[in-house]
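Reading the structure
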Amino acid sequence: STLCSCMQGLSMEDIMTEKQAIGTWVAALGAKKATPGGGAAGAVAAAIGAASGAMAAIYTTRKKDEESGVAADARALAESLNAAAVTCIKIADEDASAYAALQASWKDASMSPEDKAKVEA
């Protein structure tokens, strides 16, 4: 996907959420930059919530939890929540990629109004 001029010098990998340290990502969110934006922030917040839930679930695997039978359910829940967290991070990256494509379309004189409307949809 093509990046708009405001992100010249950056590759799509440079703006990928999963490739950045959290401090770097948060600083970028608070800067006057096109990405990350609100959609990505929401997806990252959901990922953090899911991962926190997974952490809580995995702590329910002690000996007494094994004996009561809840440990297996807790492990399954933790696995599901960890998978959801990974999906949310991918969604954050998809948000950044979609916005980059939208911005590129605004500046692309060769695109027809119909093509621009498709990108905006």
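Above: the structure in question.
A brief structural summary. These figures come from a predicted structure and were not determined experimentally.

Cut-off values and rules
- Residues numbered from 1 in each chain as written.
- Predicted model: local features only at pLDDT ≥ 70, side-chain atom pairs only at ≥ 80, totals over all residues.
- Heavy atoms only, no water.
- Helix = DSSP H or I, 4+ residues; strand = E, 2+ residues; numbered from the N terminus.
- Buried < 20%, exposed > 50% of the residue type's maximum accessible area, 1.4 Å probe, protein only.
- Contact = heavy atoms within 4.5 Å.
- Areas by Shrake-Rupley, 256 points an atom, 1.4 Å probe, with all protein chains shown as cover.
- Axes fitted to C-alpha atoms, helices over the stretch in contact; angles between N-to-C directions.
- Parallel < 35°, antiparallel > 145°, perpendicular 65-115°, else oblique.
- Left-handed = near helix turned anticlockwise from the far one by under 90°.
- Nonpolar A, V, L, I, M, F, W, Y, C, P; charged D, E, K, R; others polar.
- Salt bridge = Lys/Arg side-chain N within 4 Å of Asp/Glu carboxyl O.
- Core = buried A, V, L, I, M, F, W, Y, C linked by side-chain atoms within 4.5 Å.

Turning our attention to the overall build of the protein. Counting secondary structure elements, the protein contains five helices and zero strands. Going through the 121 residues of the protein one by one, you find that 25% of them count as buried. Relative to all contacts within the protein whose residues are 6 or more apart in sequence, the contacts with residues 24 or more apart total 53%. Accessible surface, the protein: about 7500 Å² in total, of which carbon and sulfur atoms supply 58%.

This part covers the packing of helix 4 (residues 70–107) against helix 5 (residues 113–120). Running from amino to carboxyl end, helix 4 crosses helix 5 at an angle of 160°, the nearest separation of the two axes being 9 Å. When the axis of helix 4 is compared with that of helix 5, the two are roughly antiparallel. Considering how the two elements wind past one another, helix 4 and helix 5 form a crossing that is left-handed. From helix 4, Ala101, Leu102, Ser105 and Trp106 reach across to helix 5, where they touch Lys116, Val119 and Glu120. Its residues assigned to classes, the contact of helix 4 with helix 5 comprises four nonpolar, one polar and two charged.

Our next topic: the pattern of salt bridges. Enumeration over the complete set of coordinates arrives at two salt bridges. A salt bridge links Arg62 to Asp65, with the nearest nitrogen and oxygen atoms 3.0 Å apart. The class for Asp65 is buried, based on a relative accessible area of 6%. Residue Glu66 is joined to Arg75 by a salt bridge in which the shortest nitrogen-to-oxygen separation is 2.7 Å. The exposure class assigned to Glu66 is partly exposed, which follows from its relative accessible area of 41%. We classify Arg75 as partly exposed; its relative accessible area is 36%.

The residue after Thr35, namely Pro36, is reached through a cis peptide bond having omega 0°. Along the polypeptide, Pro36 turns up in the loop between helix 1 (22–29) and helix 2 (38–58).

Attention now moves to the packing of helix 2 against helix 4. For the pair helix 2 and helix 4, the least separation of the axes is 8 Å and the interaxial angle reads 165°. Judged by the inter-axis angle, helix 2 sits roughly antiparallel to helix 4. Considering the relative orientation of helix 2 and helix 4, their crossing is left-handed. Along the lines of polarity and charge, the residues of the contact of helix 2 with helix 4 split into 20 nonpolar, three polar and two charged.

Counting residues in hydrophobic clusters, the biggest one holds ten residues: Trp25, Ala40, Ala43, Val44, Ala47, Ala50, Ala85, Cys88, Ile89 and Ala92. If you list the elements that add at least two residues to this core, you get helix 2 and helix 4. Here the element with the most residues in this core is helix 2; it accounts for five residues. With sequence-adjacent residues up to four places away left out, Ala47 is seen in contact with Ala85, Cys88 and Ile89.

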